[in-house]
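Listed below, chain by chain, are the residues.
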Amino acid sequence: VIKAQTSSGQKDMGQKDMAGSLFSTQLVLSCFVVAVSVLIGVLMLPQSTSSSKEGLESGSTAWHPQKVPAGAEEMAGELYRRGNALFQHGDVQQAEQLFERAVVADPRHAFAWANLGNLLRNQNTPRAIRCHERAYQLSPQRPRSSYNLAVSLQTDSKYLAASIMYKQAISLGEQGLGDLDISRAHTNLGVCFQGLGQLKEAVEQYALAKKLKPDLRSANLNYCNVMLPLKGSDAAVGCFSSLLDRDPAFEQALSAAAGVHHLSDNLGAAAQLYQRALSVNPSSASAQHGLAAISGGGGDVAPVEYVRDMFNGYALTFDDSLKALRYQSPELLRYAIDQLLAAAPHDEWALRASAGSLRVLDAGCGTGLCGPLFRNLSSSLAGVDLSENMVALARKRNVYDNLLVGELVEVVTQWGGHEGGVEGG
């Protein structure tokens, strides 16, 4: 059994909860062409490993499959220790350079590969995956080797591969083969299952995480939020009520619970919960906007940052939640266009649509629900959305010619100034 020896004076950079960055679970009133839906966010998303002093891999790998020149092992160890120290003092760039030098000096240094991957995860995810694959090859029986690789795979939306590695990490951790926060691994595995559309399996993982660590906020929040698409608003309300009894100052849960009540037109209860969220955090964008929406004093446009963060957090369960709401706007829009085509088949635009030669803009494309419905009408199908996580999911449909992340008016203005810009959408 290959076990890494970890010194007690260092922190492990790889022990990250993908639900650790508290993107607020938020609510927005959004007009989708012909229907207005009240949406709430679900997932607590990954945080940047480079923004925290926690999480450096420490120790020395026990497996040395190849020889290196004399002195290389000692040099790599020294570079690795200096990199850890620099990271702890906030010098991430210099730490990354030292880890790079460490793995060049001794390619067998599993911990240096792991730390390099952790620092690269949010800036160059494909390379981070390769680094963690190398660390895993060097120390496959160490739970955090599997865990680190899983986190990077999940960051790259490779949910199936990530779920396999999380399961292995959990199994190794349960065998006592190394240090691992198994509750966070279960939470992250639940997020992967949500990304795969397997909500029942996600709930099971959140429940296991809660059993191991009842006060783990990310597991509790995700568990309650997934109740909405899985079992409906009553189940979600009951779950949030129980959670807030135990943790009454949990801001994200207060806003999420308010969103469920808002969705059910229970505006009095929603307003009270938004006010409680504001008492915890007076600058809470989700609570401010939700309360303004109820009172009618929120203005015509939600803040860009608010909308972007909300939909980034909502992306993985967006389609499932819309199904629970019986959302049919894309289908209704295509039906309306088909009716217009039938009524005026000889109009120029109708002839172009029939020939599949329109240039179409999917404004606020989200996960791309409209894309497959309008592909056969268009020679050029473009999508724009504020949320990079939504656009990433739309791209997986493989129906758009162009997808951009940005504010709609700015993007359309830029396109309008170019020959061949989008005509309408």
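Everything below is about the structure printed above this text.
Residues numbered from 1 in each chain as written. Predicted model: local features only at pLDDT ≥ 70, side-chain atom pairs only at ≥ 80, totals over all residues. Heavy atoms only, no water.

Comments concerning a nonpolar patch on the surface
1) Next: On the surface, a nonpolar cluster with roughly 270 Å² of combined accessible area is contributed by Leu 160, Ile 164 and Leu 196.
2) Next: Positionally, Leu 160 belongs in helix 6 (residues 159-174).
3) Next: Taking the relative accessible area as the measure of exposure, Leu 160 reaches 56% and is therefore exposed. (Patch = residues over 30% accessible without salt bridge, like charges linked within 9 Å, V, L, I, M, F, W, Y side chains within 5 Å. Areas by Shrake-Rupley, 256 points an atom, 1.4 Å probe, with all protein chains shown as cover. Salt bridge = Lys/Arg side-chain N within 4 Å of Asp/Glu carboxyl O. Helix = DSSP H or I, 4+ residues; strand = E, 2+ residues; numbered from the N terminus. Buried < 20%, exposed > 50% of the residue type's maximum accessible area, 1.4 Å probe, protein only.)

Thoughts on the environment of Phe 311
1) Next: Here Phe 311 lies in helix 14 (residues 304-314).
2) Next: Once the C-alpha coordinates of Phe 311 and Ser 387 are considered, the two residues, 76 residues apart in sequence, prove to be 5.9 Å apart.

A look at the packing of aromatic side chains
1) Next: This model, assessed by the stated rule, comprises three aromatic pairs.
2) Next: Aromatic side chains Tyr 80 and Phe 99 sit 6.2 Å apart centroid to centroid with 45° between the ring planes, which places their arrangement in the tilted category. On the criterion of sequence distance, the pair formed by Tyr 80 in helix 1 (residues 72-88) and Phe 99 in helix 2 (residues 92-105) is long-range, its members being 19 residues apart. In this pair, the class of Tyr 80 matches that of Phe 99, namely buried.
3) Next: Members of the aromatic cluster, each reached through a chain of ring pairs, are Tyr 80, Phe 99 and Phe 111.
4) Next: Just above the ring of Tyr 223 sits the side chain of Lys 210; from NZ or CZ to the centre is 3.7 Å.
5) Next: The ring of Phe 250 has Arg 217 sitting right over it, with the charged end atom 4.4 Å from the ring centre. (Phe/Tyr/Trp six-rings, centres within 6.5 Å; stacked < 30°, edge-to-face > 60°. Lys NZ or Arg CZ within 6 Å of the ring centre and 35° of its normal.)

As for the environment of Asn 398
1) Next: Among the structural elements, Asn 398 can be located in the loop between helix 19 (388-395) and strand 5 (402-405).
2) Next: Taking the relative accessible area as the measure of exposure, Asn 398 reaches 69% and is therefore exposed.

What about the pairing of strand 5?
1) Next: Examined bridge by bridge, strand 4 (residues 378-385) and strand 5 share four bridges and lie parallel to one another. Bridge pairing links Val 384 to Leu 404 in strand 5.
2) Next: As a crossover connection, the stretch from strand 4 through helix 19 into strand 5 is right-handed. (Pairing = 2+ DSSP bridges. Right-handed = clockwise from strand over helix to strand, strands pointing away.)

Overview of helix 6
1) Next: Taking 1.5 Å of rise per residue, the 16 residues of helix 6 would be expected to cover 22 Å, and the 22 Å separating its terminal C-alpha atoms lies within 8% of that figure.
2) Next: When helix 6 is considered as a whole, its buried residues turn out to be Tyr 159, Ala 162, Ser 163, Met 165, Tyr 166, Ala 169, Ile 170, Leu 172 and Gly 173.
3) Next: Each element contacted by the buried residues of helix 6 is listed here: helix 4 (125-138), helix 5 (143-155) and helix 7 (182-195). (Expected span 1.5 Å × (residues − 1). Contact = heavy atoms within 4.5 Å.)

Things to note about the nonpolar core
1) Next: In this structure, Tyr 147, Tyr 166, Met 227, Phe 240 and Ala 253 are the most contacted members of the largest nonpolar core, which totals 48 residues.
2) Next: Leaving out residues up to four positions away in the same chain, Phe 240 has contacts with Leu 221, Cys 224, Asn 225, Ala 253, Ala 256, Ala 257 and Val 260.
3) Next: Of all hydrophobic cores here, the second largest spans 23 residues; its members include Val 92, Ala 95, Ala 110 and Ala 135. (Core = buried A, V, L, I, M, F, W, Y, C linked by side-chain atoms within 4.5 Å.)

What about the packing of helix 7 against helix 8 (residues 199-212)?
1) Next: Where helix 7 contacts helix 8, the two axes come as close as 8 Å, and the packing angle between them is 165°. On the basis of the axis angle, helix 7 is roughly antiparallel to helix 8. Here the hand of the crossing between helix 7 and helix 8 comes out left-handed. Where helix 7 approaches helix 8, its residues Ile 182, Ser 183, His 186, Thr 187, Leu 189, Gly 190, Val 191, Phe 193 and Gln 194 are matched on the opposing element by Leu 199, Glu 201, Ala 202, Gln 205, Tyr 206, Leu 208, Ala 209 and Leu 212.
2) Next: For the contact of helix 7 with helix 8, the residue count by class is ten nonpolar, six polar and one charged. (Axes fitted to C-alpha atoms, helices over the stretch in contact; angles between N-to-C directions. Parallel < 35°, antiparallel > 145°, perpendicular 65-115°, else oblique. Left-handed = near helix turned anticlockwise from the far one by under 90°. Nonpolar A, V, L, I, M, F, W, Y, C, P; charged D, E, K, R; others polar.)

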